[in-house]
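A look at the structure
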Amino acid sequence: MGKWSRAAGGAGSVLILAALLLFGVVSGLTYFYADDFYYAIFFRGGLAEFWQRTAEHYRTMNGRALVHFIDEIVLMFGTKLFAVLNPFMLFSFFYCSAKTVLADAERTQKIYFILAGLAITMLLPMRVARETLFWITGSMNYLLPVCLAALAFYLHHRTIAAGKIRWFTLLLCFLCGATTEQGGAAACVLSASLAISEMVKKRKECRRGICGWPLFFCILAGYATVLLAPGTFYRASYEGSFESGRLAQSFFALADSLMGKNGIAPYFIILFVLIAVLSLKDRLLPKGLSGGFAVSCLLAVFYFVAVTFPYASAVLFCICLLFAAVAAIAFLGSNIYRGTGCFLLAALAAQVVLIEAPSTYLRTMLPSIMLLTVCIVSLFVRLTGMFKKGGTPIFGLGMLIFVLGVFCMTQTIDGYRSNREVIIENEKSVMDYEKNGFAEICTDITYPYAYNMFYEDGFFLNYFYEYYNLPEKPVLYYLSKSSPEIFYDGMRLTHPAEKNEGSWYLPLEPVVTAAGGSLNWNGSVLAIQLGEQEAVCRRDTLFLSDGKAIALDNRTLRRFGKIYWEAGLFSDVFGIKCRKAGENRIFVEMR
């Protein structure tokens, strides 16, 4: 190894440490949200309560027992352990990937592979990152599984090279499969594709190829503990996954999600361009893969120019799957590109498995994004090696991406830091609830850099109350510099007013109950009674007891887990009027 290569490797290692430090800082500035409060209380009552909650979860929610066990351990230490574990998982993922997709490459190339992978991850859209990388339970459910899948692939690769199996490798592979639906699918496809390609390429050395199959079956056995868990079937039945026509609906919903504005189309565009370029420069790849130019152009027109047609997302999704699958199979026929082909198939599997899910979320894209990132970076590194002087122009482009990633991370750190200051003050107020009988919650959180369970409604809100030992219906006053407090007959209401497009909106439930009325839900129908007036809300129309019907279009909002009505609507329906006193107060009263 020459002096330049050693210097480049050293500089790359320093930059890797700097990138990991940035990820660690952001991870330490995060805060609990939603599921975090649920899993954080598993150990509160000792081991007996832990096993009881774990068994109930495995029976009624899902089969991700291993992932959630690790999550519960991490949550016991707040964000301190997460600040170390999260960057470690990122490094481990790209390290294991580099050892397999670039097995024949020099050490310096592997270092820059890891660096480029971290740089692309730093550019991950914040709306996805806040639901995955920078959320403890999200990271355990979406980053950890692909890390373990990459580890299983690395162990499989080493086992085939050594020609013998070790018992602890079998155990690790079982655990790598027993993660999540997406992570287990990725691990199974990585292992199976490697084992099959090894047997096809080396028929004369069949013993080495056969060595990989016990590892695959261990991964598959671990995956079965997730798929066949009672909770998996219970949840699928509850969410309607077994209903007639659900599969087709899920497919179209998945296609819309992946190919939409917040989807992963940009990753496919970059990947297909790299595949096309390499097919023209490398004799090991078929020239037909140059069709990647056409597919990437089609995706770019749809994604950036917003040109659309009937079932556009579904058609483009199928085209992407087909071309990516063809490219992956072509890669499997080459020793150099085989690892990349395995990761590409795994990325497809991690998304296809979601077709059985009743709904898709931004966070479910992360496993495929991470696996596609490996494919993109490995091809990028291969491409730089085909130019003289190490491909200086392309290497400069890689450094530019890293600088942009660092810039984005500094913005993220600033956003999470300012939000954490607000959240800590909220937590102090909540901790003093028993002494004061109420808590004040500041809602001035800067999105998209943090969630705030202190005022967001949802399934896990009760676990938030339990985590802080709050009563079932605590008295929480919500404050904001831009939202004036509301008073009715001298009594301060819990939720502030909100201004939207020049009109003031007031919280429905606090105002009605303060005036002596009541609200009752019957499914999706809301019945409201105040004095002699009764109103029933069905969808976007309010039906009054005197037979009148009022359209609610653009006259309602949802804030802080509450329904808000335009101030004029209160006056029209119940005769409640409001008047603003100064900048920070609004008084409401009956006419």
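Below, the structure is looked at part by part. Values in this document were obtained by computation on a predicted structure and should not be read as measured data.

**Some details on the nonpolar core**
Ranked by internal contacts, the top residues of the largest apolar core, which has 153 residues, are Phe113 and Phe272. Here this core takes 14 residues from helix 8 (residues 136–162), the largest share from any one element. Not counting the four nearest positions on each side in its chain, phenylalanine 272 is found in contact with Gly292, Phe293, Val295, Ser296, Leu299, Cys320, Phe323 and Ala324. Leu508, Ile528, Ala535 and Val573 belong to the second largest nonpolar core, which has 26 residues in total.

**So, the packing of helix 4 (residues 65–75) against helix 8**
The axes of two packed helices give the description: the angle between them and the distance between them. Interaxial distance between helix 4 and helix 8 falls to 9 Å at its minimum, and their mutual angle equals 135 degrees. In terms of orientation, helix 4 and helix 8 fall into the oblique class. Relative to helix 8, the crossing made by helix 4 is right-handed. Here Val67, His68, Ile70, Asp71, Val74 and Leu75 of helix 4 lie close against helix 8, whose contacting residues are Ile136, Thr137, Met140, Asn141, Leu144 and Pro145. Its residues assigned to classes, the contact of helix 4 with helix 8 shows eight nonpolar, three polar and one charged.

**Notes on the sheet that holds strand 5 (residues 498–500)**
The pairing of strands in a sheet happens through backbone hydrogen bonds and is either parallel or antiparallel. Pairing within the open sheet is antiparallel, and its four strands lie in the order 5-6-13-12. The open sheet has two free edges, formed respectively by strand 5 and strand 12 (556–559), since each of these has just one partner strand. For this sheet, the mean angle separating the axes of adjacent strands, direction not counted, is 35 degrees. Pairing of strand 12 with strand 13 (residues 562–566), which is carried by four bridges, proceeds in the antiparallel orientation. Following the sheet pairing, threonine 556 is matched in strand 13 by tryptophan 565.

**Focus: the environment of phenylalanine 460**
Within the secondary structure, phenylalanine 460 sits in the loop between strand 1 (439–442) and helix 21 (461–467). When its relative accessible area of 13% is taken as the criterion, phenylalanine 460 is described as buried. C-alpha of phenylalanine 460 to C-alpha of methionine 140: the two residues are 320 residues apart in sequence and 18 Å apart in space.

**Side note on the sheet that holds strand 14 (residues 576–581)**
Spatial ordering of the open sheet is given by 4-3-15-14, a layout of four strands whose pairing is mixed. Unpaired on one side and paired on the other, strand 4 (491–492) and strand 14 mark the two borders of the sheet. Bridge count for strand 14 against strand 15 (residues 585–590) is six bridges, and the pairing is antiparallel. Paired with alanine 581 across the two strands is arginine 585, which belongs to strand 15. Against the sheet, helix 23 (residues 567–574) touches strand 14 and strand 15, its axis set at about 145 degrees to strand 14.

**Brief notes about the pattern of salt bridges**
This model, assessed by the stated rule, comprises 15 salt bridges. Its salt-bridge partner being glutamate 131, residue arginine 363 comes within 3.4 Å of it at the nearest N-O pair. With a gap of 232 residues between them, arginine 363 in the loop between helix 17 (338–352) and helix 18 (366–384) and glutamate 131 in the loop between helix 7 (126–129) and helix 8 connect regions that are remote in the sequence.

**Notes on the packing of aromatic side chains**
For the coordinates displayed, the defined rule picks out 38 aromatic pairs. A ring pair is formed by tryptophan 213 and phenylalanine 217, whose centres lie 6.2 Å apart and whose planes are at 40 degrees; its orientation type is tilted. Of this pair, tryptophan 213 and phenylalanine 217 both sit in helix 11 (residues 206–227), separated by four residues, roughly a single helical turn. Each residue in the set Tyr31, Phe32, Phe37, Phe464, Tyr465, Tyr467 and Tyr468 is aromatic and connected to the rest through ring pairs, giving one cluster. A cation sits over an aromatic face here: arginine 492 above tyrosine 477, 4.2 Å from the ring centre.

**Remarks on the packing of helix 5 (residues 80–101) against helix 6 (residues 107–122)**
Relative orientation of the contacting elements helix 5 and helix 6 amounts to 135 degrees, with a least axis distance of 9 Å. Between helix 5 and helix 6, the angle falls in the class oblique. In the packing of helix 5 onto helix 6, the handedness of the crossing is right-handed. On helix 6, the residues touching Leu90, Phe91, Phe94, Tyr95, Ser97, Ala98, Lys99 and Val101 of helix 5 are Lys110, Phe113, Ile114, Gly117, Leu118 and Thr121. The class makeup of the residues in the contact of helix 5 with helix 6 is nine nonpolar, three polar and two charged.

Scoring rules and cut-offs
Residues numbered from 1 in each chain as written. Predicted model: local features only at pLDDT ≥ 70, side-chain atom pairs only at ≥ 80, totals over all residues. Heavy atoms only, no water. Core = buried A, V, L, I, M, F, W, Y, C linked by side-chain atoms within 4.5 Å. Buried < 20%, exposed > 50% of the residue type's maximum accessible area, 1.4 Å probe, protein only. Helix = DSSP H or I, 4+ residues; strand = E, 2+ residues; numbered from the N terminus. Contact = heavy atoms within 4.5 Å. Axes fitted to C-alpha atoms, helices over the stretch in contact; angles between N-to-C directions. Parallel < 35°, antiparallel > 145°, perpendicular 65-115°, else oblique. Left-handed = near helix turned anticlockwise from the far one by under 90°. Nonpolar A, V, L, I, M, F, W, Y, C, P; charged D, E, K, R; others polar. Pairing = 2+ DSSP bridges. Salt bridge = Lys/Arg side-chain N within 4 Å of Asp/Glu carboxyl O. Phe/Tyr/Trp six-rings, centres within 6.5 Å; stacked < 30°, edge-to-face > 60°. Lys NZ or Arg CZ within 6 Å of the ring centre and 35° of its normal.

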